[in-house]
Amino acid sequence: MTTTPPLFRLRSVSRRFTAIGGVVALDDISLDIHRGEMIAITGVSGSGKSTLMNILGCLDQPSSGQCLVDGRDTATLEPDELAALRNRLFGFIFQRYNLLSDATAIENAELPALYAGVPAEWRRARASELLSRLGLGDRLYHRPAELSGGQQQRVSIARALINDAEVILADEPTGALDAASSEDVLRQLEELNREGRTIIIVTHDPQVAARARRLIHMADGRIARHETRCPENPPDHIRTGTSASPPPQPGRRHLDMSIAAARTALRSLWRDPFRTLLTLFGVMIGVASVIAMLAVGEGGAEATLARLEKMGTNLLTVRPGAPGVRSTADLTSLTVEDVQAIRGIEGLTAVSPVRSLRTTLRAGATDYITMVHGVWPDVAMVRNWRAVTGRFITAEDVADYGAVVMLGRTVAHNLFPDTPDPTGRLLVIRNMPFQVIGILSTRGADQWGNDLDDLALIPLSAGFLRILGKPYLSSVTVKVDQADRMATAAADIDRLMMARHGIRNFQIADSAAAQQALSESQRSFAMLLGAVAAISLLVGGIGVMNIMLVGVTERTREIGIRMATGARRRDVLTQFNVEAVVVCGLGGIIGVALGTGAALILARNGFDVVIRPGPAVAAFGCAFLTGVIFGWLPARKAAGMDPVSALAAE
Ligand code: ADP
Ligand code: MG
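What counts, and at which threshold
Residues numbered from 1 in each chain as written. Chains lettered and ligands numbered in written order. Predicted model: local features only at pLDDT ≥ 70, side-chain atom pairs only at ≥ 80, totals over all residues. Heavy atoms only, no water. Domains from an automatic or database assignment. Pairing = 2+ DSSP bridges. Helix = DSSP H or I, 4+ residues; strand = E, 2+ residues; numbered from the N terminus. Axes fitted to C-alpha atoms, helices over the stretch in contact; angles between N-to-C directions. Contact = heavy atoms within 4.5 Å. UniProt positions renumbered as here; feature names shortened; annotations may be inferred. Salt bridge = Lys/Arg side-chain N within 4 Å of Asp/Glu carboxyl O. Buried < 20%, exposed > 50% of the residue type's maximum accessible area, 1.4 Å probe, protein only. Core = buried A, V, L, I, M, F, W, Y, C linked by side-chain atoms within 4.5 Å. Expected span 1.5 Å × (residues − 1). Bend = angle between axes of the 7 residues up to and from the residue. Near = heavy atom within 4 Å. Polar contact = N/O pair within 3.5 Å; in protein donor to acceptor, adjacent residues only side chain to side chain. Nonpolar A, V, L, I, M, F, W, Y, C, P; charged D, E, K, R; others polar. Parallel < 35°, antiparallel > 145°, perpendicular 65-115°, else oblique. Left-handed = near helix turned anticlockwise from the far one by under 90°.

1. Some words on the domain arrangement of the chain
Interfaces are often sized by the accessible area lost when the parts come together.
Alright, step 1. Domain parsing of the chain yields domain 1 (8-247), domain 2 (264-305 + 517-648) and domain 3 (334-504).
Alright, step 2. For domain 1 and domain 3, the distance between their C-alpha centres works out to 98 Å.

Okay, structure coming up:
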């Protein structure tokens, strides 16, 4: 009849399933099918029709024998090459339509073109043209559930034609349709055959079979009968190759696919908000807690550092009394002479002796008990103190035994409630009159809640002369010029003091180091909290993976449809990877917002909080990575599916 090589050539093809007992679905089939034929395959249920169709359509492979499609042995083709062949050569029409239930008519129709790498505008235009030609012009944006059976089947015909397929493989295309719709579909198929396409219809309906020009009757996996009738309407011409579509663009193909996958992901997230919330929950909470924990931890460490600055930095404190020994003799061991000697050591910015006494201050009829410190002017530099009004204690005040006093804000408020600035006023300490010369800058409270403004300063000399009694010191604080010279300075002072006293009746403390350690430990606590939060992110990721694995099982048929329409393994892999990344990315964004919000609320409630972009970016990055890593397993599961069994899934 024809001299061109056959489109399909089957030689002794058998297909056995390794189910219990072993099923022989096809048994030694040999068959040639030429371009432009219209063939019906009939037979009772279970006779092997669908199995034969799947082998012709490169969805399945023979167990033995040879199947040549367009001259190529399908056994020699890689899965991706088979996918490309399906995509280019075949249009499938199924009994159950097999449309993507979440996608619109137009999106369903354009699916094979998406996998062919055809530009989006062209896909859209061609899909809507085909649907309009099939009478669905006003149903372009309807979903399958909003269409009748006949309309759904017409969408699947449009899908079969979008890549201008040469061969239409229809497995029971009218099986689920009423008489009128069946007739409609059959007329469409006849029309396509007249255009020169090869049509292969599987049917058990004799009415349908009667329309074909060649009839293959199957029984028990064998060809029982072969009928050829005289063609009533021979094709105008024989089609070879595809025509209308522009050349595919491989680079864009991947991008277009990823966009479509992201859209699918967002749509399925949108459709079931409760499930979405559950899916996102783990990632959201994980990201939010990482951000909030680190903000609080960092805030605590920063606040400690700030207090440290306020207390003065690079400080060494010399106290009387040997470590662990407490005798009155020891507590009187530190003297002004020691201070003069320490002053001779190099590399010290300031040396500040202090003698403190808790006593009563009286102004008029008002009494107030506070700490009175006898100091040198050096204390200003060591403690970062300054006068906000009036002036600070000077060297002259010390030299002259001046009866002057500086007040902390709290003391000033209590003794002189009538005036904001009591500079120049008089008060009495232990029956001695002192003149107020200035108010100290406000310092607030320390981390234990002690009021740092509840104190009074007088010149050390005047203190010894008038109120403090014996001239020994409570402590000497030394400011070292450089942080890295702290240890050297401490050693120098220790040597000097040992030389002067002969015994260790003093101690030297690096107060900054203690605070530094506190701040360090706060930071590591914050890191620990962050790590706990990161673990919750991990758990969130595993949750996403779990839900996605369930999703892959639920969507088995969708995967089958995608594969039948030309999706390669990598496309399915991309689909699920992109979906996981979209889910986790969305969870990450919401998590960043939640975490920042939580940190702000904590800040309002008195917590020290520092919100940095670093942890937010890192946590979002983690969420993104979680998507990539935990989406991989479900994606691989999806991509590894066998098209035939995926399509057969419920
Ligand atoms: P038809 O489409 O003619 O109704 P099929 O081609 O679907 O028949 O099936 C032919 C035979 O192969 C049946 O006996 C069926 O049970 C068996 N079969 C089909 N697919 C499988 C499978 N995946 N595993 C095991 N047996 C199968
Ligand atoms: Mg069947």
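2. Looking at the sheet that holds strand β10 (residues 222-228)
Sheet strands associate in pairs through backbone hydrogen bonding, adopting either a parallel or an antiparallel arrangement.
Alright, step 1. A sheet is described by the order of its strands in space; here 6 strands give the open sequence β6-β7-β8-β3-β9-β10, paired in mixed fashion. On the outer flanks of this sheet lie β6 (90-94) and β10, each paired with one strand and no other. In this sheet, adjacent strand axes meet at a mean angle of 15° when their direction is disregarded.
Alright, step 2. Strand direction decides the pairing type here: strand β9 (residues 214-219) and β10, joined by 6 bridges, are antiparallel. Across the sheet, residue Met-218 finds its bridge partner in β10, namely Ile-223.
Alright, step 3. Helix α1 (residues 49-56) rests against β3 (38-42), β6, β7 (167-171), β8 (198-202) and β9 of the sheet, and its axis sits at about 155° to β7.

3. As for the UniProt feature "transmembrane region" (unreviewed entry) in the chain
Alright, step 1. Here the UniProt-annotated "transmembrane region" (unreviewed entry) positions come out as residues 525-552, 578-603 and 615-633.
Alright, step 2. Its end C-alpha atoms 40 Å apart, residues 525-552 is made of 100% helix and 0% strand.
Alright, step 3. Secondary structure across residues 615-633 divides into 100% helix and 0% strand, with the first and last C-alpha atoms of the span separated by 28 Å.

4. Examining the pattern of salt bridges
Alright, step 1. Applying the stated criterion across every chain, the model contains 36 salt bridges.
Alright, step 2. Measuring nitrogen to oxygen at the nearest pair gives 3.2 Å for the salt bridge that ties Asp-138 to Arg-139.
Alright, step 3. Take Asp-138: its relative accessible area is 54%, and that puts it in the exposed class.
Alright, step 4. With relative accessibility at 25%, the residue Arg-139 sits in the partly exposed group.
Alright, step 5. Arg-225 is paired through a salt bridge with Glu-227; the nearest N and O atoms lie 2.5 Å apart.
Alright, step 6. Judged by its relative accessible area of 40%, Arg-225 is partly exposed.
Alright, step 7. Each member of the salt-bridge network shares a partner with another, and the members are Glu-110, Arg-123, Arg-124 and Asp-256.

5. Describing the nonpolar core
Alright, step 1. The biggest cluster of nonpolar side chains holds 74 residues, and the ones touching the most others in it are Phe-8, Phe-90 and Ile-200.
Alright, step 2. Residue contributions to this core peak at 7 residues, all from helix α19 (residues 569-604).
Alright, step 3. Domain assignment of the residues forming this core places at least three in each of domain 1 (8-247) and domain 2 (264-305 + 517-648).
Alright, step 4. Setting aside chain neighbours within four positions, we find Ile-200 in contact with Phe-8, Ile-33, Ile-39, Ile-41, Met-53, Leu-56, Val-167, Ile-168, Leu-169 and Ala-170.
Alright, step 5. Counting 55 residues, the second largest nonpolar core, distinct from the first, contains Ile-342, Ala-412, Ile-467 and Ile-493.

6. Structural notes on the pairing of strand β12 (residues 348-363)
On any regular strand, side chains alternate: one points to one face of the sheet, the next to the other face.
Alright, step 1. Both β12 and strand β19 (residues 475-480) contribute to a ladder of 6 bridges, which runs antiparallel. Each bridged residue has a counterpart across the sheet, and for Leu-348 the counterpart in β19 is Val-480.
Alright, step 2. Where β12 and strand β13 (residues 366-375) come together, 10 bridges link them in antiparallel fashion. Looking across to β13, one finds that Arg-355 is bridged to Gly-374.
Alright, step 3. Between the antiparallel neighbours β12 and β13 lie 2 residues, among them Gly-364 with a positive phi of about 60°.
Alright, step 4. Here β12 runs beside strand β16 (residues 426-429); their pairing, made up of 2 bridges, is antiparallel.

7. Thoughts on helix α20 (residues 613-639)
Alright, step 1. Taking 1.5 Å per residue, 27 residues should reach 39 Å; α20 reaches 37 Å between its end C-alpha atoms and fits that length.
Alright, step 2. Residue Trp-632 marks the point of greatest curvature in α20, where the axis turns by about 40°; the proline Pro-634 follows within four residues.
Alright, step 3. Buried within α20 we find Ala-616, Ala-619, Ala-623, Thr-626, Gly-627, Phe-630, Gly-631, Pro-634, Ala-635, Ala-638 and Ala-639.

8. Details of the site of ligand 1
Alright, step 1. With respect to spatial proximity, the complete set of residues near ligand 1 consists of Phe-17, Val-23, Ala-25, Val-44, Ser-45, Gly-46, Ser-47, Gly-48, Lys-49, Ser-50 and Thr-51.
Alright, step 2. A distance of 2.8 Å is found between an oxygen atom of ligand 1 and a side-chain nitrogen or oxygen belonging to Ser-50.
Alright, step 3. Side-chain polar atom of Thr-51 to an oxygen atom of ligand 1: 2.6 Å apart, as the coordinates give it.
Alright, step 4. Only β2 (23-33) and α1 provide two or more residues apiece to the shell around ligand 1.
Alright, step 5. For the shell around ligand 1, the leading source of residues is α1, giving 3 residues.
Alright, step 6. A breakdown of the residues in the shell around ligand 1 according to their chemical character gives 4 nonpolar, 6 polar and 1 charged.

9. Some words on the packing of helix α3 (residues 105-116) against helix α4 (residues 120-133)
Alright, step 1. Relative orientation of the contacting elements α3 and α4 amounts to 125°, with a least axis distance of 9 Å. In terms of axis orientation, α3 runs oblique to α4. For the pair α3 and α4, the crossing hand works out as right-handed. Between α3 and α4, the residues in contact are Ala-105, Ile-106, Glu-107, Ala-109, Glu-110, Ala-113 and Leu-114 and Arg-123, Arg-124, Ala-127, Ser-128 and Leu-131, respectively.
Alright, step 2. Partitioned by chemical class, the residues of the contact of α3 with α4 number 7 nonpolar, 1 polar and 4 charged.

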